[in-house]
Amino acid sequence: MANWYYNVFSVSGEKEELNRFKLQAMGRSDFHDDVEPTSVFSFNSLMPIPEDVINDPEKRNNWIDENRGMKGAAGARLEEESENELVYYFETRNAAPITFLKNLGKLWPKLKFRDSFVEPINLRYAVFIEVQDDKSTPFGLTCPEHAVPVLREDAEMGHAPSQYNLGVCYANGEGVK
């Protein structure tokens, strides 16, 4: 059974670079030949699986592990859009997209990426990981009792991913009194 990680993913930067990213992010999943984009946030469009490995399941899985760090994503949607920021929501299977984010930072050095995620089955929480260029700053918290105060502080400052994940904590009754 898959454990799903609920991600609120933000991209910030200059308007022109954000627009390029938004267009690049639209696309199809790894295994469909659709001509039209089927998602507003496609891992395959941002980091395509090379042709020489896509048809070999073992090579493909190894490539995905090394370059994306997780298998499978679902439910992608663009939640908010402003002149300097895009905020997406998506779910990833069995892992947070940390490796993927680090690689995105290298591919898009003018943008800043932030992911806030919750995996409620095993109570894995992260306030956020921030990536820009080849530098990443993880803020991982492993138990809800420690995550909630930090999430609350960021939520009060208007950080949308923290607001969402704080809501998940309250909805599940985890880490709150």
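Preceding this paragraph is the structure being described.
As a starting point, this report considers the structure included with it.

The rules behind each value
Residues numbered from 1 in each chain as written. Predicted model: local features only at pLDDT ≥ 70, side-chain atom pairs only at ≥ 80, totals over all residues. Heavy atoms only, no water. Salt bridge = Lys/Arg side-chain N within 4 Å of Asp/Glu carboxyl O. Helix = DSSP H or I, 4+ residues; strand = E, 2+ residues; numbered from the N terminus. Buried < 20%, exposed > 50% of the residue type's maximum accessible area, 1.4 Å probe, protein only. Core = buried A, V, L, I, M, F, W, Y, C linked by side-chain atoms within 4.5 Å. Pairing = 2+ DSSP bridges. Arc of directions from axis to C-beta. Phe/Tyr/Trp six-rings, centres within 6.5 Å; stacked < 30°, edge-to-face > 60°. Contact = heavy atoms within 4.5 Å.

**Things to note about the pattern of salt bridges**
Think of it this way: side chains of opposite charge can pair up when their charged atoms draw near. By the definition in use, this model includes 3 salt bridges. One salt bridge in this structure joins glutamate 17 and arginine 20, with 3.1 Å as the shortest N-O distance. Within this pair, glutamate 17 and its partner arginine 20 are both found in helix α1 (residues 15-25), separated by 3 residues, close to a single helical turn. By relative accessible area, which is 13% here, glutamate 17 ends up buried. We note a salt bridge from glutamate 81 to lysine 22, for which the minimum N-O separation is 2.9 Å. Of this pair, glutamate 81 sits in strand β2 (residues 73-81) while lysine 22 sits in helix α1, and the two are 59 residues apart along the sequence. Taking the relative accessible area as the measure of exposure, glutamate 81 reaches 46% and is therefore partly exposed.

**Focus on the nonpolar core**
Soluble globular proteins tend to pack their nonpolar side chains together in the buried interior. If you look at the biggest cluster of nonpolar residues, it comprises 26 residues, and the most contacted ones within it are Phe9, Val11, Phe21, Phe41, Tyr88 and Phe113. In this structure, Leu151, Ala155, Leu166 and Cys169 belong to the second largest nonpolar core, which totals 6 residues.

**Comments concerning the pairing of strand β1 (residues 4-12)**
Examined bridge by bridge, β1 and strand β3 (residues 85-93) share 9 bridges and lie antiparallel to one another. Its bridge partner being in β3, tyrosine 6 is matched across the sheet by glutamate 91. The pairing of β1 with strand β4 (residues 112-119) spans 7 bridges and is classified as antiparallel. Residue pairing across strands places valine 11 opposite phenylalanine 113, the latter belonging to β4.

**Notes on α1**
Those residues of α1 lying buried are Glu17, Leu18, Phe21 and Ala25. Down the axis of α1, the buried side of the element spans an arc of 100 degrees, and every buried residue falls inside it. Those residues of α1 that are exposed and angled more than 90 degrees off the buried face are Glu16 and Leu23.

**Concerning the packing of aromatic side chains**
This structure, assessed with the given rule, holds 13 aromatic pairs. Pairing phenylalanine 21 with phenylalanine 41 gives two aromatic rings, centres 6.5 Å apart and planes at 50 degrees, and the pair type is tilted. Remark: phenylalanine 41 occurs in the loop between α1 and α2 (43-46) and phenylalanine 21 occurs in helix α1; sequence separation between them is 20 residues. Look at phenylalanine 21 and tryptophan 108: their rings are 5.3 Å apart centre to centre, the planes differ by 80 degrees, and that puts the pair in the edge-to-face class. Note that phenylalanine 21 is positioned in helix α1 and tryptophan 108 in the loop between α5 (98-107) and β4, a separation of 87 residues in sequence. Pair check on accessibility: phenylalanine 21 and tryptophan 108 agree, each one buried. An aromatic cluster is defined as three or more aromatic residues linked by ring pairs; in this entry it consists of Phe9, Phe21, Phe41, Phe43, Tyr88, Phe90, Phe100, Trp108 and Phe113.

**So, the side chain of serine 10**
By the secondary structure assignment, serine 10 is in strand β1. Beyond its immediate chain neighbours, meaning those up to four positions away, serine 10 contacts Glu85, Leu86, Val87, Lys112, Phe113 and Arg114.

**Remarks on the environment of valine 118**
Mapped onto the elements of the fold, valine 118 is located in strand β4. The buried category is assigned to valine 118, whose relative accessible area is 1%. In sequence terms valine 118 and glutamate 91 are 27 residues apart; their C-alpha atoms lie 9.7 Å from each other.

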